[in-house]
Amino acid sequence: MACNLASNSTIDCLNSKGGVKIAYIGELADLNTYTVTSGAITAMDLATGKKFWTYNLEKNNASYSESMKKNFDNGTKYYEGTFAFNTKKMAAATLLEFDVMAQTPLMLIYKDNNGKYFITGIENGGQLMTNDATSGKAFADLNGNTLSITFEEPAPIYEVSSVIVATLIVPSA
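In this text, all values refer to a predicted model and were calculated from it rather than measured experimentally. (Residues numbered from 1 in each chain as written. Predicted model: local features only at pLDDT ≥ 70, side-chain atom pairs only at ≥ 80, totals over all residues. Heavy atoms only, no water.)

### With respect to the environment of leucine 128
Checked against the element boundaries, leucine 128 lands in strand β9 (residues 126-134). Beyond its immediate chain neighbours, meaning those up to four positions away, leucine 128 contacts Phe98, Met101, Ala102, Leu106, Leu147, Ser148 and Ile149. (Helix = DSSP H or I, 4+ residues; strand = E, 2+ residues; numbered from the N terminus. Contact = heavy atoms within 4.5 Å.)

### Focus: the packing of aromatic side chains
Using the criterion set out here, one finds five aromatic pairs in the structure. Taken together through their ring pairs, the aromatic side chains of Tyr55, Phe83 and Phe85 make up a single cluster. (Phe/Tyr/Trp six-rings, centres within 6.5 Å; stacked < 30°, edge-to-face > 60°.)

### A closer look at the pairing of strand β8 (residues 117-120)
A two-sided burial pattern is seen for β8, the buried positions comprising Tyr117 and Ile119 on one face and Phe118 and Thr120 on the other. Across four bridges, the pairing between strand β7 (residues 106-112) and β8 is antiparallel. When the sheet's bridge partners are listed, tyrosine 110 is paired in β8 with phenylalanine 118. Bridge analysis of β8 against strand β11 (residues 158-160) gives three bridges, and the strand direction is antiparallel. What sits directly across from phenylalanine 118, in β11, is glutamate 159. (Buried < 20%, exposed > 50% of the residue type's maximum accessible area, 1.4 Å probe, protein only. Pairing = 2+ DSSP bridges.)

### Thoughts on the confidence of the model for the protein chain
A low pLDDT score tells you not to read the predicted coordinates there in detail. On average, residues of the protein chain carry a pLDDT of 92, and 98% of them reach 70 or more. When mean pLDDT is compared element by element in the protein chain, β8 scores highest at 98, while strand β12 (residues 169-170) scores lowest at 86. (pLDDT = per-residue confidence, 0-100.)

### Let's talk about unusual backbone geometry
One non-glycine residue, serine 38, lies in positive phi territory at about 50°. Looking at where serine 38 falls in the secondary structure, it is placed in the loop between β2 (31-37) and β3 (40-46). Of the residues examined, serine 38 reaches a relative accessible area of 78% and is grouped as exposed. For lysine 89, which is not glycine, the phi dihedral falls at a positive 65°. Examined against the element boundaries, lysine 89 turns out to sit in the loop between β6 (76-88) and α1 (92-101).

### Re the side chain of aspartate 112
Within the secondary structure layout, aspartate 112 lies in strand β7. Of the side chains with opposite charge, lysine 116 comes closest to the buried, unpaired aspartate 112, at an N-O distance of 6.9 Å. Among the polar contacts listed, one links the side chain of aspartate 112 to the backbone nitrogen of asparagine 114, at a separation of 2.8 Å. If sequence neighbours within four positions are ignored, aspartate 112 has contacts with Gly19, Val20, Lys21 and Phe118. (Lys, Arg positive; Asp, Glu negative; His and termini not counted. Salt bridge = Lys/Arg side-chain N within 4 Å of Asp/Glu carboxyl O. Polar contact = N/O pair within 3.5 Å; in protein donor to acceptor, adjacent residues only side chain to side chain.)

Structure (structure tokens):
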């Protein structure tokens, strides 16, 4: 099968902002169906009563990065994503929540600082790979957790509309 390029690219306005504003994390096992059209999720349904949990993030606290990985010898290609974020103040409930999170494949929706939503983990799920808890040493050091969730998916991260996101999440308190 031939792979044909299908579009041109232009330079957009120079007004983009980096960083992640808010994250929503759910369990892959809760996903029923989804529809992808032109690289965006246009419909998504979770099992009855299941939702993504809201993780409010502080400014300059979280990032998502993704790299295409390719093996010419095997003819394979996939996308490896990493979501990294911090939480403030170590607490028993938070540590237990992260322990449970480390035991199940995860899906991630995030809202970036440009107001756009993206989703990953809907094919294979992501894994909480690191949770570095620290008390800090100096008075101004982080007392909390630094976490990293990794994803290996067959397609790049998908954009998803705020309308669809609103039906999938448990709003923050």
